[in-house]
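Listed here are the chains, written in short residue letters.
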Amino acid sequence: MAIKILGAGPAGLCAAINLCRAGKNVLVYERRAGAGLRFCPNLQGLRYLYMPPEEFMQKMGVEAKVEFAYFPRAIICTRKRKVELDCSGGSLMPFVVRGAGGELGKHSLDSALFSEAEKLGAQFEFNSRASESDADIIASGSRGEPHSAALGGVFENSDFPRGCQLVMFDDRYSPRGWYSYILPVGNDRVEFVTCVSKPYIPQLAQLHAKAMKERKEIADVVGGRKKIASFAGSASARMPKSARIGKKYFVGEAAGFQDPYMGFGIAYALRSGHLAAKSLLGGSDYDALWRREFGYYLRKDAAYRLVMETLGDAAAELMMSKYHDGQRADLSSTLPEKNAAYRAIVEGFALLARVKRKISGRW
Ligand SMILES: Cc1cc2nc3c(=O)[nH]c(=O)nc-3n(C[C@H](O)[C@H](O)[C@H](O)COP(=O)(O)OP(=O)(O)OC[C@H]3O[C@@H](n4cnc5c(N)ncnc54)[C@H](O)[C@@H]3O)c2cc1C
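Residues numbered from 1 in each chain as written. Predicted model: local features only at pLDDT ≥ 70, side-chain atom pairs only at ≥ 80, totals over all residues.

(A) Seen up close, the site of the ligand. The ligand sits among 35 residues. The nearest are Gly 9, Gly 141, Gly 233, Gly 252 and Gly 265. Those elements that provide at least two residues to the shell around the ligand are α1 (10–21), β3 (42–45), β9 (148–156), β13 (227–235) and α7 (266–282). Here the residues of the shell around the ligand sort into 15 nonpolar, 13 polar and 7 charged. (Near = placed C-beta within 6 Å. Helix = DSSP H or I, 4+ residues; strand = E, 2+ residues; numbered from the N terminus. Nonpolar A, V, L, I, M, F, W, Y, C, P; charged D, E, K, R; others polar.)

Given below as structure tokens:
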């Protein structure tokens, strides 16, 4: 009998690939007409890999030829400052295209995972809105109250330097320490994305438009340019006690595995898809596996969110105060994970963040 998976996002596809490779029959239900259609092609970053992305994919049991993009220059804007950094000497965050179809979508993470799963024999039922009771692995993405949302537009622009990303922390447009960014797409487009937390979701479109109008660094790149496409979505980060209900495995955002700090969920989706397959195949305890592999990082995201939510612009100014224009910088560098005092502080803040969420309903 086939193992049934609900949802053909990164979590569901990664589980499907690993199960097929072990000789299982797999059936994936996807409510859209194809894999990756949740997004019009856009670039998304892979955070928390702690190894080269090719090695990470291999560790996830995925052989798919995923193309990675890098941005060795960074323009960081806070409310008061703008600094241009040369990040080429540090370890850069890899980006992947999300989405399907079209010129860029052909090289997307979703297309690569789907092709691999299909080649290995996974069966797909598209346009099929199955219910959770029909499936063994629930990989249907964000559910419940969103903690954050993002709105993006793709604009014609060939002047913005390729190989450069612009990230802006400014509470007037992304309140309480959220952010917006510009990334070049191909040779003649850029995407501009605004991210906000739960209380500001109803104003997201106005904040996005306001940044394009008021903030010179954004207006110079996208103001008055032709908009080619729009995309939007919300995320719901939870810290589940268990990601199993009865015999069912919850993976990716369906389990609440999302980052409350910045909304990066792909690595958690791939990791949990991989671990659910491992547990199903070998009988190991899924909850113990994900807690060991990334439980700490989920708590760390919650701790950082608490700091950003509390201090907003002040935290961004503080973070950027050590940088000056033209400096060489490694933005990926983090404080030592193995330092016991640092970890204890993170755990303390994470606990506070969870208490705050319980009381206020938001991170
Ligand atoms: C605008 C935006 C930008 C983002 N940028 C980043 C980024 O830079 N880095 C990062 O790491 N993360 C980013 N994220 C988050 C990231 O996209 C998600 O965390 C990730 O896609 C989660 O993967 P998943 O497989 O759990 O769920 P999804 O990718 O949401 O896949 C779930 C799939 O299940 C299908 N489905 C849902 N219900 C059913 C049903 N009943 N029956 C059948 N199928 C169903 C959906 O159609 C979908 O295809 C971003 C999100 C948004 C919205």
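(B) Spotlight on the pairing of strand β4 (residues 73–77). Counting buried positions along β4 yields 4 of 5 residues, so the element is predominantly enclosed. Here β4 hands over to strand β5 (residues 82–86) after 4 residues, the two strands then running antiparallel side by side. Pairing geometry for β4 and strand β10 (residues 164–168), over 5 bridges, is parallel. Paired with Ile 76 across the bridge in β10 is Val 167. (Buried ≥ 20, exposed ≤ 12 C-beta atoms within 10 Å, placed from the backbone. Pairing = 2+ DSSP bridges.)

(C) Expanded view of the nonpolar core. Membership of the largest hydrophobic core comes to 104 residues, with the highest contact counts inside it found for Ile 5, Ala 15, Ala 16, Ile 137 and Val 251. For this core, the leading source of residues is helix α8 (residues 286–311), giving 10 residues. Ignoring anything within four residues of it in the chain, the contact list for Ala 15 reads Ile 5, Ile 137, Ala 139, Val 251, Gly 273, Ala 276 and Ala 277. (Core = buried A, V, L, I, M, F, W, Y, C linked by C-beta atoms within 7 Å. Contact = placed C-beta atoms within 7 Å.)

(D) Quick look at the packing of α7 against α8. Two numbers describe how α7 lies on α8: the axes approach to 9 Å, and their chain directions differ by 145°. At the point where α7 passes α8, the crossing takes the right-handed sense. When α7 is examined against α8, the residues Tyr 268, Arg 271, Ser 272, Leu 275, Ala 276, Lys 278 and Ser 279 are found in contact with a partner set consisting of Tyr 286, Leu 289, Trp 290, Glu 293 and Phe 294. In terms of residue class, the contact of α7 with α8 is made up of 7 nonpolar, 2 polar and 3 charged. (Axes fitted to C-alpha atoms, helices over the stretch in contact; angles between N-to-C directions. Left-handed = near helix turned anticlockwise from the far one by under 90°.)

(E) View of the sheet that holds strand β1 (residues 3–6). What the 6 strands build is an open sheet, ordered β7-β2-β1-β8-β15-β14; its pairing is mixed. The open sheet terminates on both sides in strands that have one partner only, identified here as β7 (123–125) and β14 (244–245). Note: β1 against strand β2 (residues 26–29), 4 bridges, orientation parallel. Pairing of Ile 3 across the sheet is with Val 26, part of β2. Along the sheet face, α1 touches β1, β2 and β8 (137–138) and points at about 170° away from the line of β2.

(F) The packing of α1 against helix α4 (residues 109–119), seen in detail. Between α1 and α4, whose axes approach to 9 Å, the crossing angle comes to 25°. Taken together, the axis directions place α1 and α4 in an arrangement best described as roughly parallel. Along this stretch, α1 crosses α4, giving a crossing that reads as left-handed. Contacts between α1 and α4 pair Pro 10, Leu 13, Cys 14, Ala 16, Ile 17 and Cys 20 from the former with Leu 109, Leu 113, Phe 114, Glu 116 and Ala 117 from the latter. Partitioning the contact of α1 with α4 into residue classes produces 10 nonpolar, no polar and 1 charged. (Parallel < 35°, antiparallel > 145°, perpendicular 65-115°, else oblique.)

(G) Local environment of the pairing of β1. Handedness of the crossover is the feature at issue here: the chain leaves β1, passes through α1, returns alongside β2, and the resulting connection is right-handed. Where β1 lies against β8, 2 bridges are found, and the strand directions are parallel. The residue bridging Leu 6 from the neighbouring strand is Ile 138, located in β8. (Right-handed = clockwise from strand over helix to strand, strands pointing away.)

(H) Up close: the sheet that holds strand β12 (residues 189–197). The 7 strands lie next to each other as β5-β4-β10-β11-β12-β9-β13, forming an open sheet whose pairing is mixed. Only two strands of the sheet have a single neighbouring strand rather than two, namely β5 and β13. When the angles between neighbouring strand axes are averaged without regard to direction, this sheet yields 15°. Here 3 bridges tie β10 to strand β11 (residues 180–185), and the two strands are oriented antiparallel to one another. Opposite Met 168, over in β11, you have Ser 180 as the bridge partner.

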